[in-house]
Amino acid sequence: EAQVTQNPRYLITVTGKKLTVTCSQNMNHEYMSWYRQDPGLGLRQIYYSMNVEVTDKGDVPEGYKVSRKEKRNFPLILESPSPNQTSLYFCASSLSSSVDEQFFGPGTRLTVL
Amino acid sequence: KNEVEQSPQNLTAQEGEFITINCSYSVGISALHWLQQHPGGGIVSLFMLSSGKKKHGRLIATINIQEKHSSLHITASHPRDSAVYICAALNTGNQFYFGTGTSLTVIP
């Protein structure tokens, strides 16, 4: 089944404790992206990747890191999480460029205490 | 200032009504996407538009590049259409900007 998976789905952590949210797609998509969704603010793009080893900042990259070592995986790293990073995070991918339909992962709900 | 503005924020309709959701954007775009977010939180892509009009079943999306405006129409609305509809503009730098969404409730 074609899908985008994210893990974990739910995470409660404390300020400053490094964490990684994984994202994986099985559709051989080149474009992958991370978003956060907050009440009243909607979705905002954190980072995106046009292909392996190519990543670019989105609208709200501060406090996040990403890597794209393999085409299928695009992990989101929070080196020192803070409470303002409490949010719902979505990973998405699309086929050959950012103008194709995006497939979204199920979301990761992160709480930073 | 938001690069993408959606209206209305909330919409309640009776089953069978024709529904229109509007999206205006201020950035130069490569494409505009319409997304649907179900009450459980999952997001699916409905349309990707760079010009003109697209139709999938009861859903129609249009875009006017000169006026920087797009509309999503739902004909013969049904309670299962109840969801949040989100407009997303892809700028020429491959970056996405999102509207804050329109929450639609269709009453039987």
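Model, not experiment: these values are computed from the prediction. (Residues numbered from 1 in each chain as written. Chains lettered and ligands numbered in written order. Predicted model: local features only at pLDDT ≥ 70, side-chain atom pairs only at ≥ 80, totals over all residues. Heavy atoms only, no water.)

Enquirer: Before we go on, may I ask you to explain the nonpolar core in this structure?
Expert: L32, W34, L72 and Y85 of chain B are the most contacted members of the largest nonpolar core, which has 25 residues in total. Listed by contribution, the elements that provide at least two residues to this core are β3 (19–25), β4 (29–37), β5 (43–49), β7 (59–64), β8 (69–74), β9 (83–91) and β11 (102–107) of chain B. Counting 19 residues, the second-largest nonpolar core is a separate cluster that includes W34, Y64, L78 and C91 of chain A. (Core = buried A, V, L, I, M, F, W, Y, C linked by side-chain atoms within 4.5 Å. Buried < 20%, exposed > 50% of the residue type's maximum accessible area, 1.4 Å probe, protein only. Helix = DSSP H or I, 4+ residues; strand = E, 2+ residues; numbered from the N terminus.)

Enquirer: Is there a simple way to think about the interface of chain B and chain A in this case?
Expert: Accessible area lost upon the coming together of the parts is a frequently used measure of interface size. Contacts between the two partners involve 18 residues from chain B, matched on the other side by 21 residues from chain A. On the chain B side of the interface with chain A, the three residues burying the most area are I43, F96 and F98 of chain B, jointly 34% of the side's total. Our count for the chain B to chain A interface comes out at 0 salt bridges. Mapped by element, the contributors of at least two residues to the side of chain B that touches chain A are β4, β5, β9 and β10 (96–98) of chain B. The element that contributes the greatest number of residues to the side of chain B that touches chain A is β4 of chain B, accounting for 5 residues. For the side of chain B that touches chain A, the class distribution of residues is 9 nonpolar, 9 polar and no charged. (Contact = heavy atoms within 4.5 Å. Buried area = accessible area lost by both parts, 1.4 Å probe. Salt bridge = Lys/Arg side-chain N within 4 Å of Asp/Glu carboxyl O. Nonpolar A, V, L, I, M, F, W, Y, C, P; charged D, E, K, R; others polar.)

Enquirer: Is there a simple way to think about the sheet that holds strand β8 (residues 76–78) of chain A in this case?
Expert: Two modes of strand pairing occur in sheets, parallel and antiparallel, and in both the strands are linked by backbone hydrogen bonds. Residues and elements named next belong to chain A. Spatial ordering of the open sheet is given by β1-β3-β8-β7, a layout of 4 strands whose pairing is antiparallel. Each edge of the open sheet carries a strand with a single partner, namely β1 (4–7) and β7 (65–66). As paired elements, strand β3 (residues 19–25) and β8 share 3 bridges and run antiparallel to each other. Bridge pairing in β8 links T20 to I77. (Pairing = 2+ DSSP bridges.)

Enquirer: Can you help me understand the pattern of salt bridges in this one?
Expert: It is possible for side chains bearing opposite charge to pair when their charged atoms get close. Residue and element names in this part refer to chain A. With the rule as written, the count across this model stands at 5 salt bridges over all chains. Note that R44 is salt-bridged to D38, the shortest N-O span being 2.9 Å. For E79, the salt bridge is made with K65, and the minimal N-O distance between the two is 2.9 Å. Of this pair, E79 sits in the loop between β8 and β9 (87–94) while K65 sits in strand β7; the two residues are 14 residues apart in sequence, bridging distant segments of the chain. In this structure E79 comes out as partly exposed when scored by relative accessible area, which is 37%. Judged by its relative accessible area of 42%, K65 is partly exposed. The structure contains a network of salt bridges with shared partners spanning K18, K65 and E79.

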